[in-house]
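Remarks on the overall topology
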Amino acid sequence: MKSTKSLLVAAVILLFIAPVLIVTGCQKKAETPTEPAVVKEEATVAPFALAVVVPGVTAGSPLYEQLVEGAQQVIDQYPQASMKVVELGFNQSEWGEKMTSVVATGRYDAVLTSNPSMPFVCMELASQFPEQKFLFVDGFIEGHPQMASFLYNQVEQSYMLGHLAGLISTSDMPGANADLKIGIIVAQEYPALNKMIVPGFEQGAQAVNSGITLDYRVLGNWYDANKAGELAKSMIDAGVDVIGVICGGAATGVFEVCADRNKYVMYWDDNSYAKAPGVIAGCGALHQKMLVAEVVDDAINGKVEYGTGVKLNARDGYIEFVDTDPNYLNTIPESIQAEQKKVVDSIMSGTLVLEVPEL
Ligand code: RBF
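Where an unreviewed UniProt entry is consulted, the chain appears under the name BMP family ABC transporter substrate-binding protein, with the organism given as Candidatus Thalassospirochaeta sargassi. The annotation that UniProt attaches to the chain under Sequence similarities (unreviewed entry) is "Belongs to the BMP lipoprotein family." The heading Subcellular location (unreviewed entry) in the UniProt record of the chain holds the text "Cell membrane".

See the structure below:
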C-alpha cells in the first residue's frame with residue numbers, strides 16, 4: 001500500500017513538477033519536504049547551477065581549460081544542471097570584486113574555481129554569504145564548512161620533470177652542454193610554487209647529479225610571451241639547456257627561443273608535446289579534467305564533503321608523467337627514457353615517497 005502511494009507521488013512529480021522545474025530553470029534548492037518519498041524523488045531532479053570561475057584567462061592555461069571542459073562534460077549529462085563560466089582576467093586586484101559579483105547574484109549552488117590563491121580570495125566573501133558553497137581544485141583549505149578543496153602533490157609532478165631535466169642536461173643530446181645548469185621561468189611566487197614546485201624540480205634534477213643548479217627567474221605575469229622569451233635567452237646565454245615553465249600562456253615565447261637555440265622545455269599540467277615538438281621534452285600532467293568531473297558530479301548529487309581538504313598523489317591517478325607520446329619517444333634517447341621510467345615508477349608505486357609540505 002505504502003509503495004503504491006510512493007509510486008503515485010513519484011509519477012506525479014515526474015510528469016508534472018519536474019518539467020516545470022526544468023523549464024523555469026529554478027535554481028534554488030528544494031526545501032526539505034515532510035513526506036520521505038518526496039525527498040528522494042525531488043533530490044534526483046533538483047536543479048543545480050554552477051559558476052565556473054577562471055582566475056585569469058582560459059585559453060593557453062591547461063589547468064583552466066581542463067577546469068571548464070571537465071565541468072561542462074558533467075553538466076551536459078544532467079538536464080537540470082547548468083553552468084556559467086566567468087573569467088576574472090589577469091588583473092588580480094580585481095578578482096575579489098569580480099568574485100563578489102558572481103556570488104552576490106545568489107544564483108549558484110556552488111562556485112568552482114582553480115588555483116592555490118582562490119580559497120583566500122573567497123574567505124571574506126564566504127562569511128558575507130554563509131549559504132554559498134565553494135569548490136577549489138589546485139588549492140587547499142581545510143575545516144571551512146562552506147568549502148571543499150583538492151590539492152595535487154606537485155612535489156611528485158615537479159620531481160619527475162626535474163629528474164628528466166637533469167638527465168637531459170647531463171647527456172650528450174643535441175644542444176645539451178657541459179654546464180650543470182637548468183632553469184625555471186615562473187610567472188609569480190606563491191606557496192605551492194615555492195614549497196612544492198620549485199623544490200621538487202630542483203631535487204629531481206639533483207638526484208641525477210647533486211652539482212646541478214637552478215637558474216630561477218620571475219616573469220611577473222601570466223601572459224607576456226616576449227618577456228618570457230627574453231628571460232629564456234639570457235638563461236641560455238648563462239649556460240642553461242633545459243627550462244621549466246610555470247607561466248601560463250607566456251610559455252610560447254620560451255618554446256620559440258628554445259626551438260631557435262636547440263634547447264629543451266619541461267612543461268607542467270598537461271600533455272603539450274605537440275605545441276613544440278622536439279622542444280617540449282617532458283610533460284607532467286595533472287588530470288584536472290577527471291578530478292573536476294568527479295567533483296561536479298558529486299556536487300550535483302549532494303555528495304561533496306564540505307570542510308575537507310583532499311591531497312591527491314600520483315598513486316591516486318591524478319598525476320602522470322607523459323611518456324607514451326610519440327614526440328617524447330622521438331625526442332628522448334631510449335637509455336634516458338629507461339632511467340626516467342625507473343624514477344617515475346618508483347613514485348607511482350610509492351617506493352619513493354615525496355610528501356606535500358605544510359603550505
Ligand atoms: N597557471 C596558469 O597556467 N595560468 C594562469 O593564468 C595562472 N594564474 C595563477 C594565478 C595565481 C594567483 C596563482 C597562485 C596561480 C596561478 N596559476 C596559473 C598557476 C597554477 O595554479 C599552477 O600552480 C601551475 O599551473 C602549475 O601547475
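1. Observations regarding the environment of Phe 120
The topology assignment puts Phe 120 in helix 5 (residues 118–128). Taking relative accessible area as the criterion, Phe 120 reaches 54% and is therefore assigned exposed. Put simply, Phe 120 and Ile 141 are 21 residues apart on the chain and 8.6 Å apart in space, counted from C-alpha to C-alpha.

2. Comments concerning the site of the ligand
In the vicinity of the ligand lie 17 residues, with Ser 61, Asp 138, Gln 154, Tyr 190 and Asp 269 positioned nearest. One of the side-chain nitrogen or oxygen atoms of Gln 154 is found 2.8 Å away from an oxygen atom of the ligand. Taken by itself the ligand offers 550 Å² of open surface, and the protein chains cover 97% of this. Three or more residues apiece are contributed to the shell around the ligand by two domains, here domain 1 (48–152) and domain 2 (154–285 + 319–349).

Calculation rules
- Residues numbered from 1 in each chain as written.
- Predicted model: local features only at pLDDT ≥ 70, side-chain atom pairs only at ≥ 80, totals over all residues.
- Heavy atoms only, no water.
- UniProt positions renumbered as here; feature names shortened; annotations may be inferred.
- Helix = DSSP H or I, 4+ residues; strand = E, 2+ residues; numbered from the N terminus.
- Buried < 20%, exposed > 50% of the residue type's maximum accessible area, 1.4 Å probe, protein only.
- Near = heavy atom within 4 Å.
- Polar contact = N/O pair within 3.5 Å; in protein donor to acceptor, adjacent residues only side chain to side chain.
- Areas by Shrake-Rupley, 256 points an atom, 1.4 Å probe, with all protein chains shown as cover.
- Domains from an automatic or database assignment.

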